[in-house]
Amino acid sequence: MSDIKAALRGQRIETPSWAYGNSGTRFKVFAQQGVPRDPYEKLADAAQVHAFTGIAPTVALHIPWDKVDDYADLARHAAEAGVRIGAINSNVFQDDDYMLGSVTNPDPAVRRKALDHLLECVDIMDLTGSGTLKLWFSDGTNYPGQDDIRSRQDRLAEALSAVYDRLGEGQRFLLEYKLFEPAFYATDVPDWGTAYAHCVKLGPKAQVVVDTGHHAPGTNIEFIVAFLLREGRLGGFDFNSRFYADDDLMVGAADPFQLFRIMYEVVRGGGFTPEIAFMLDQCHNIEPKIPGQIRSVMNVQEATAKALLVDADALAAAQTAGDVLGANAVLMDAYNTDVRPLLASLREDMGLDPDPMKAYARSGYSEKIRAERVGGKQAGWGA
Ligand code: LRH
Ligand code: MN
């Protein structure tokens, strides 16, 4: 058990700055009291999640949502709060010029503008000490014939190559795929295969990020994880959960068994390493945001603990013997194990309160920010 505790103690989960701001759907964004007004306050809230879970020391930024005058100062502020800047997320999906695409747009001037933003994000990596650029493109078309699918792939490859060449020492980019939305006919990076093919063409600094909300219903995501790990091209995860589409709900909330199966393939595939970025990408549209992030980190931790509990030798023996039910039972035994006492004791070993949710509620931080953060413009997606 001590080795499992040691592995769990080394777990690192990255929270997204945008989860602390207001978010919603096209129907409504419900503003919440105490929401941050700037990236500094977002980092302060993220530091709370790390303070109570002990395993969330980095925060992903999204540009321009987290645009500041002095990124080095923002990184210093993060360090003072006990966290670090993680992945830098580009945003070429909210500018009017990108209606027909960003790096795949038929207009070379628009493509240039989009590429300049991606290169600016690498500058921000230099200034904040971030080693990871996360690239998601909303690029796609809504009607057959609207644009040439192959030409758009050529344009995409050209931009990715330019970004790849700009990456410095110790820097990489993670290419994110998504089946649909906002494009409703063809998305230019719709699936893991397309992302993988572009990354392999470029080189080892280009890896694939698996957003658990970006697949067709019924997709076996853990197969994709196992495959990308085997290829050495799994760069990370955007964890969330969904009942229908890209719902961005708390990871593990909709399908904790799927999250367990994914983490089992991570453990089995040797992916439980700092090279893999375990990031959350969620929106707390109606629930309180900091407790929502704490709960999400705990959900990943629980799934990971269960995955680490799988009796690998017994499983291998049953698999080799063709013992279908026996093999399945080994995995289900781990999944059906209540790991909450183990994690509570781990937190005590780490000098933390065994119940982060209750400890945060008792801290009075929510009341403090609701009282202090009056006036100013609350942070959001700025859409
Ligand atoms: C796109 C996405 C991407 C982010 C955005 C916040 O759906 O998953 O990772 O840029 O959400
Ligand atoms: Mn994502």
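Because the structure is predicted, anything quoted here is derived from the model rather than measured. (Residues numbered from 1 in each chain as written. Chains lettered and ligands numbered in written order. Predicted model: local features only at pLDDT ≥ 70, side-chain atom pairs only at ≥ 80, totals over all residues. Heavy atoms only, no water.)

1. Focus: the coordination of the manganese ion (ligand 2)
Logical step 1: In this structure, Glu176 (OE), Asp211 (OD), Asp238 (OD) and Asp281 (OD) serve as the protein donors to the manganese ion (ligand 2), at separations of 2.1 to 2.2 Å.
Logical step 2: Relative to the metal, the six donor atoms surrounding the manganese ion (ligand 2) lie at angles of 73 to 170 degrees, and the coordination shape comes out octahedral.
Logical step 3: For the manganese ion (ligand 2), the single-chain donor residues occur in sequence as E-x34-D-x26-D-x42-D. Separated by 105 residues along the polypeptide, Glu176 in strand β6 (residues 172-176) and Asp281 in the loop between β10 (277-280) and α9 (289-308) bring together distant segments of the chain. Each member of the pair Glu176 and Asp281 is classed as buried. (Donors = N, O, S within 2.8 Å, 3.2 Å for Na, K, Ca; no water. Tetrahedral: all angles 85-135°; square planar, octahedral: opposite > 155°, others 65-115°. Helix = DSSP H or I, 4+ residues; strand = E, 2+ residues; numbered from the N terminus. Buried < 20%, exposed > 50% of the residue type's maximum accessible area, 1.4 Å probe, protein only.)

2. Points about the pattern of salt bridges
Logical step 1: Scanning all chains against the criterion turns up 27 salt bridges.
Logical step 2: Across the salt bridge formed by Arg166 and Asp123, the nearest N and O atoms sit 2.9 Å from each other. One end of the pair, Arg166, is in helix α5 (residues 149-166); the other, Asp123, is in helix α4 (residues 108-128), with 43 residues separating them in the sequence.
Logical step 3: For Arg152, the salt bridge identified is with Asp147, shortest N-O distance 2.9 Å. (Salt bridge = Lys/Arg side-chain N within 4 Å of Asp/Glu carboxyl O.)

3. Thoughts on the site of ligand 1
Logical step 1: The local shell around ligand 1 holds 13 residues, among which His62, Lys134, Glu176, Asp211 and Asp281 are the closest.
Logical step 2: One of the side-chain nitrogen or oxygen atoms of His62 is found 2.7 Å away from an oxygen atom of ligand 1.
Logical step 3: Between ligand 1 and Lys134 there is a distance of 3.0 Å, counted from an oxygen atom to a side-chain nitrogen or oxygen.
Logical step 4: The protein chains hide 97% of the 290 Å² of surface that ligand 1 would expose on its own. (Near = heavy atom within 4 Å. Polar contact = N/O pair within 3.5 Å; in protein donor to acceptor, adjacent residues only side chain to side chain. Areas by Shrake-Rupley, 256 points an atom, 1.4 Å probe, with all protein chains shown as cover.)

4. Let's talk about unusual backbone geometry
Logical step 1: Cis geometry is found at the peptide bond from Ile63 to Pro64, where omega equals 20 degrees.
Logical step 2: Summarising the element assignment, Pro64 is placed in the loop between β2 (58-62) and α3 (71-81).
Logical step 3: Looking along the chain, the bond that leaves Glu181 and enters Pro182 is cis, with omega of 5 degrees.
Logical step 4: Its place among the elements puts Pro182 in the loop between β6 and β7 (186-187).
Logical step 5: Despite not being glycine, Glu181 has its phi angle at roughly 75 degrees, a positive value.
Logical step 6: For Asp248, which is not a glycine, the phi torsion comes out positive at approximately 55 degrees.
Logical step 7: Along the chain, Asp248 turns up in the loop between β9 (234-239) and α8 (256-268).

5. Points about a nonpolar patch on the surface
Logical step 1: A cluster of nonpolar side chains, namely Leu179, Phe180 and Phe184, defines an oily patch on the protein surface of about 290 Å² accessible area.
Logical step 2: Residue placement: Phe180 occurs in the loop between β6 and β7.
Logical step 3: A relative accessible area of 36% places Phe180 in the partly exposed class. (Patch = residues over 30% accessible without salt bridge, like charges linked within 9 Å, V, L, I, M, F, W, Y side chains within 5 Å.)

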